[in-house]
Amino acid sequence: MSDLVVRGGTIVGAGGSAHGDVAIEDGRIADIGPELAGAPHEIDARGLFVLPGMIDVHVHFNEPGRTHWEGAATGSRALAAGGGTLFFDMPLNSTPCCVSARAVNRKREALERASVTDFGLWGGLVPGAVGEMADMAERGVVGFKAFMCDSGLPEFPRADDQTLRDGMAQAARLHLPVAVHAESHEITEPLSVALRDKVRLKADLTVRDFLESRPVIAETEAIGRALELARETGASLHIVHVSTGRGVSLAAEARARGVDVSIETCPHYLWFTEADVERLGTIAKCAPPLRAAEHADALWNALMAGDVDIVASDHSPTEPAMKAGDFVSAWGGVAGVQSTVPVLLDRGYQDRHLPIERIADLIAASPARRFRIARKGTIARGNDADLVLIDAGSSFTLAEEHLQQRHKTSPYVGATFRGVVRATLRRGEAIFMDGHITARTCGRFVRPDGL
Ligand SMILES: [Zn+2]
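This structure is a prediction, so every number in the text was calculated from the model and none was measured. (Residues numbered from 1 in each chain as written. Predicted model: local features only at pLDDT ≥ 70, side-chain atom pairs only at ≥ 80, totals over all residues. Heavy atoms only, no water.)

Undergrad: I tried to follow the packing of helix α7 (residues 216-233) against helix α8 (residues 245-256) on my own but got confused; where do I start?
TA: The geometry of a pair of packed helices is captured by two quantities: the angle between their axes and the separation between those axes. Close contact between α7 and α8 brings their axes to 9 Å; oriented N to C, the two are set at 15°. Classed by the angle they form, the pair α7 and α8 counts as roughly parallel. Remark: the crossing between α7 and α8 carries right-handed chirality. In this structure, α7 contributes Val216, Glu219, Thr220, Ile223, Gly224 and Leu227 to the contact, and α8 contributes Arg246, Gly247, Leu250, Ala251 and Ala254. (Axes fitted to C-alpha atoms, helices over the stretch in contact; angles between N-to-C directions. Helix = DSSP H or I, 4+ residues; strand = E, 2+ residues; numbered from the N terminus. Parallel < 35°, antiparallel > 145°, perpendicular 65-115°, else oblique. Left-handed = near helix turned anticlockwise from the far one by under 90°. Contact = heavy atoms within 4.5 Å.)

Structure (structure tokens):
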């Protein structure tokens, strides 16, 4: 007999959705079908969509070392409240940065104690550390992250082209992807220097000045270069937080010519525009920056056309004091781990009739496929019972008290979303239910299958 039955929901699968029950035994999906036998525990899912839990491939929970910014305990709770059951933490902004096997071990131990969701880890690709990649792969990282421009942290320097080329060749040998923050250093650095000079000279610094210091061409040039390096080295390339339709097109064209590339975008590029940066100020500062409305539209079109593979939060908060000040000194990063699924439901499912099955693919099935995570990402017999129950017929307005993250600062506060996450189950355990975190146990470390 199963331990738990999720009863009467619309179960969302790749091939379509069907009304029915999900039976769970020992954290795995034991059966799927209509009117399954009763169990000691039941969750009423009538009127709700049942989706695979979100796999957020891009977060910065900053543990160990910068838990005063966020932390896996609070970050993972926010993820759970947003419908997520697994995250991949970026190698920065923890201390030390995750660029060696030792650092991977330390972070794994810290997160095993703190996270309520399952988690995986990105290793870092920085100059002088290509030799560490094999050991990090051995420890189970999902891939290697590199910056093509200044990362904002001196201890995580950008990868010059030769480091990127060597790192991609090594990653290809290790059968792991390289993720790039694609903005050109050659273009952004002089513009950033000019911006800093303006602040130093006490000249008026406008939102425009900041936005123009990170132009679209900085992204598209870097994407083009990363694609060429991936083509040459045979590496799997993952382009994080693509902010423009042009960026997506470049990658999609290269993919059609045989480059192994996956494309990620983030909810803030789909929800906000430059006008919101004017309205919200530095709380909406991120890199690449939020773009003009035409770029957000183009991104949605690319997403609707199936050219975007994954939507991830790039949740990157800090202390409120560090988010204040002018556009040069304020930390760049948007806190949105709890809002990714609501953004896709509201502007995607409701406004653009983005099929719910496609949302399940973008947030769960596609990440599991790309990063070879076994038994996750889809609702299938034998898989982990990682589920999110969604009420697409209700709406809510996000308030600070809803936020589970460490600091209650998010540009989404005040936004109304059509679509509510009712419950999140991680391996059969309800970790979020009706507005409350209900997790009793910690999450597990997850590594790529076959490595
Ligand atoms: Zn990031």
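Undergrad: Teacher, can you tell me more about the pattern of salt bridges here?
TA: Any two side chains of opposite charge can pair, given that their charged atoms come close. Enumeration according to the criterion identifies 33 salt bridges in this entry. A salt bridge links Lys107 to Asp89; the shortest N-O distance between them is 2.6 Å. Of this pair, Lys107 sits in helix α2 (residues 101-114) while Asp89 sits in strand β7 (residues 84-89), placing them 18 residues apart in sequence. On the basis of relative accessibility, which here comes to 1%, the residue Lys107 falls in the buried class. (Salt bridge = Lys/Arg side-chain N within 4 Å of Asp/Glu carboxyl O. Buried < 20%, exposed > 50% of the residue type's maximum accessible area, 1.4 Å probe, protein only.)

Undergrad: When you look at the side chain of Arg66 in this model, what are you seeing that I'm missing?
TA: Relative to the helices and strands, Arg66 resides in the loop between β6 (54-59) and α1 (72-81). Judged by its relative accessible area of 13%, Arg66 is buried. Look past the residues within four positions of Arg66 in its chain and what remains in contact with it is Asn93, Ser94, Thr95, Leu153 and Glu155.

Undergrad: How do you make sense of the sheet that holds β7 when you look at a structure like this?
TA: Strand pairing within a sheet occurs via backbone hydrogen bonds; the two strands may be parallel or antiparallel. One open sheet holds the 3 strands; their spatial order is β6-β7-β8, and the pairing between them is parallel. Bordering the open sheet on either side are β6 and β8 (118-121), each of which pairs with just one other strand. Each strand axis lies, on average, 20° off the axis of its neighbour in the sheet, ignoring direction. Examined bridge by bridge, β6 and β7 share 4 bridges and lie parallel to one another. Each bridged residue has a counterpart across the sheet, and for Met54 the counterpart in β7 is Gly84. (Pairing = 2+ DSSP bridges.)

Undergrad: How do you make sense of the sheet that holds strand β13 (residues 261-265) when you look at a structure like this?
TA: Read from one edge to the other, the open sheet built from 6 strands follows the order β9-β10-β11-β12-β13-β14, with strand pairing classed as parallel. On the outer flanks of this sheet lie β9 (123-124) and β14 (310-311), each paired with one strand and no other. As defined by bridge partners, β9 adjoins strand β10 (residues 144-147) across 2 bridges and the pair is classed as parallel. Across the sheet, residue Gly124 finds its bridge partner in β10, namely Lys145. Its contacts with the sheet put α7 on β11 (178-181), β12 (237-239) and β13, and the angle it makes with β12 is roughly 165°.

Undergrad: For this particular structure, what's the right way to read the nonpolar core?
TA: The nonpolar side chains of a soluble globular protein tend to be buried, and buried together. Within the largest apolar cluster, 98 residues are counted, with the highest numbers of intra-cluster contacts made by Leu51, Phe144, Leu164, Val180, Leu227, Leu237 and Ile239. Ignoring any residue separated from it by four or fewer positions in sequence, one finds Leu237 in contact with Met168, Val178, Val180, Ala226, Leu227, Ala230, Asp260, Val261, Ser262 and Arg370. (Core = buried A, V, L, I, M, F, W, Y, C linked by side-chain atoms within 4.5 Å.)

Undergrad: What am I meant to see in the environment of Leu303 here?
TA: Within the secondary structure, Leu303 sits in helix α11 (residues 293-304). Separated by 33 residues in the primary sequence, Leu303 and Leu270 place their C-alpha atoms 9.8 Å from one another. Those residues in contact with Leu303 that sit more than four places away from it in its chain are Thr265, Leu270, Val308, Val311, Leu354, Arg358 and Leu362.

Undergrad: I would appreciate a short explanation of the side chain of Asn62 in the present structure.
TA: Within the fold, Asn62 resides in the loop between β6 and α1. Here Asn62 falls in the buried class, since its relative accessible area comes to 0%. Only 3.4 Å separates the side chain of Asn62 from the backbone nitrogen of Asn93, close enough to count as a polar contact. Every residue in contact with Asn62, bar those within four places of it in the chain, is listed here: Thr67, Trp69, Glu70, Asp89, Asn93, Ser94 and Pro317. (Polar contact = N/O pair within 3.5 Å; in protein donor to acceptor, adjacent residues only side chain to side chain.)

Undergrad: I'm lost on helix α14 (residues 356-370) in this one. Help?
TA: Because each turn of an α-helix spans 3.6 residues, side chains separated by three or four positions end up pointing in the same direction. Here α14 spans 20 Å end to end across 15 residues, near enough to the 21 Å set by a 1.5 Å rise per residue. Summarising burial for α14: 13 of the 15 residues are buried, a large majority. Looking one or two residues beyond α14, the residue adopting positive phi is Arg372, at roughly 50°. (Expected span 1.5 Å × (residues − 1).)

Undergrad: Can you walk me through the environment of Ala80 in this structure?
TA: Position of Ala80 among the secondary structure elements: in helix α1. Distance in space between the C-alpha atoms of Ala80 and Arg406 is 14 Å, their sequence separation being 326 residues. Once you skip the residues sitting within four places of it in the chain, Ala80 turns out to touch Thr117, Thr424, Ile431, Phe432 and Ile437.

Undergrad: Would you mind going over the pairing of β8 with me for this structure?
TA: On any regular strand, side chains alternate: one points to one face of the sheet, the next to the other face. Residues of β8 alternate between two faces, with Asp118 and Gly120 on one and Phe119 and Leu121 on the opposite face, all of them buried. Summarising the sheet, β7 and β8 pair through 4 bridges and their orientation is parallel. The partner of Leu86 across the bridge, within β8, is Asp118. This β-α-β element, β7 to α2 to β8, shows right-handed connectivity. (Right-handed = clockwise from strand over helix to strand, strands pointing away.)

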